[in-house]
Amino acid sequence: MQKSHKERLYKVLVIGDLGVGKTSIIKRYVQQSFSGNYRATIGVDFALKVLSWGGETVRLQLWDIAGQERFGNMTRVYYREAVGAFIVFDVTRRATFEAVTKWKEDLDSKLTLSNGRRVSTVLLANKCDHGCELQSHDAARMEQFCRDSGFVGWFRTSAKDNININEAANCLVKHIIASE
Ligand code: GDP
Ligand code: MG
């Protein structure tokens with residue numbers, strides 16, 4: 001008998017402070033493009049990425065924040081039914097890293113999976129094309145931070161130079177599937 005092809009659709013949130021590169025990361029991942037022109041997102045935005053995953057089709061519905069990040073939290077309605085998240089900070093701006101904990105707490109307080117587990121969340125240290133040397137984000141400390149804060153992993157990324165975005169997404173998908 002032929003194995004039927006399963007289809008999986010996952011809602012994935014991309015959160016973090018204003019200007020850290022959320023929209024740029026989504027664009028890079030989905031459209032393979034980058035624009036240096038700053039344009040704040042207005043309105044709710046979705047982007048769909050279709051992946052082939054071990055013979056199955058995985059659809060990632062990426063939810064971009066639409067300017068509400070200036071308030072530092074989102075509504076339950078926005079988070080509803082998400083199964084994964086990226087929390088993004090900008091390696092060149094310390095305050096955006098400090099905000100990561102606040103975003104993680106907001107997410108965990110408003111959303112749990114139907115099986116009671118927390119949603120898989122990957123931390124992205126973005127703009128590493130000009131900030132990777134920052135000592136404050138050295139690997140050992142970041143790994144400890146991830147364990148303490150409940151992130152399944154972290155990556156230095158660059159939407160500009162296309163660094164580690166596919167890797168981070170694959171890590172997230174792997175954990176989403178494992179926690180189903
Ligand atoms: P958002 O507010 O989190 O959605 O951030 P945007 O995606 O709008 O990006 C804010 C600014 O940072 C824009 O000017 C982007 O061009 C820039 N930017 C985003 N990602 C990167 C990156 O990886 N490297 C560099 N150098 N700039 C980036
Ligand atoms: Mg944006």
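As a reminder, the structure under discussion sits directly above these lines.
What you are looking at is a predicted structure, and each value in this text was computed from that prediction instead of being measured. (Residues numbered from 1 in each chain as written. Chains lettered and ligands numbered in written order. Predicted model: local features only at pLDDT ≥ 70, side-chain atom pairs only at ≥ 80, totals over all residues. Heavy atoms only, no water.)

1. Topic: helix α4 (residues 139-149)
- Looking at α4, one finds that the buried residues are Met142, Phe145, Cys146 and Ser149. Across the axial projection of α4, the buried residues extend over an arc of 100°, all falling on one side. Facing away from the buried surface of α4 by more than 90 degrees, the exposed residues are Ala140, Arg147 and Asp148.
- Where α4 is buried, its residues meet β4 (82-90), α3 (94-110), β5 (120-126) and β6 (153-156).
- Looking one or two residues past α4, Gly150 carries a phi angle of roughly 80°, positive in sign. (Buried < 20%, exposed > 50% of the residue type's maximum accessible area, 1.4 Å probe, protein only. Helix = DSSP H or I, 4+ residues; strand = E, 2+ residues; numbered from the N terminus. Arc of directions from axis to C-beta. Contact = heavy atoms within 4.5 Å.)

2. Considering the sheet that holds β4
- Taken in spatial order, the six strands line up as β2-β3-β1-β4-β5-β6 in an open sheet, and their pairing is mixed. The two strands at the open ends of the sheet, each matched to only one other strand, are β2 (45-53) and β6. Taking each pair of neighbouring strands and ignoring which way they run, the sheet shows an average axis angle of 25°.
- Two elements, β5 and β6, share four bridges in a ladder whose sense is parallel. If you follow Leu123 over to β6, its bridge partner there is Trp154.
- Its contacts with the sheet place α3 against β1 (7-15), β4 and β5, and it is angled at close to 165° to β4. (Pairing = 2+ DSSP bridges. Axes fitted to C-alpha atoms, helices over the stretch in contact; angles between N-to-C directions.)

3. Focus: empty space enclosed by the protein
- All chains considered together, the criterion is met by one cavity of 30 Å³ or more.
- Of the voids in this model, the largest cavity is the one considered here, and its volume is about 70 Å³.
- Lining the largest cavity are Val14, Ile25, Ile26, Tyr29, Leu62, Phe86, Leu124, Ile165, Ala168 and Ala169.
- Among the secondary structure elements, those contributing two or more residues to the lining of the largest cavity are α1 (22-31) and α5 (165-178). (1 Å grid on protein atoms, 1.4 Å probe; cavity = no way out; pocket = protein on both sides within 12 Å on 5 of 7 lines; lining within 4 Å. Points joined across faces, edges and corners; volume = space filled by probe spheres on them.)

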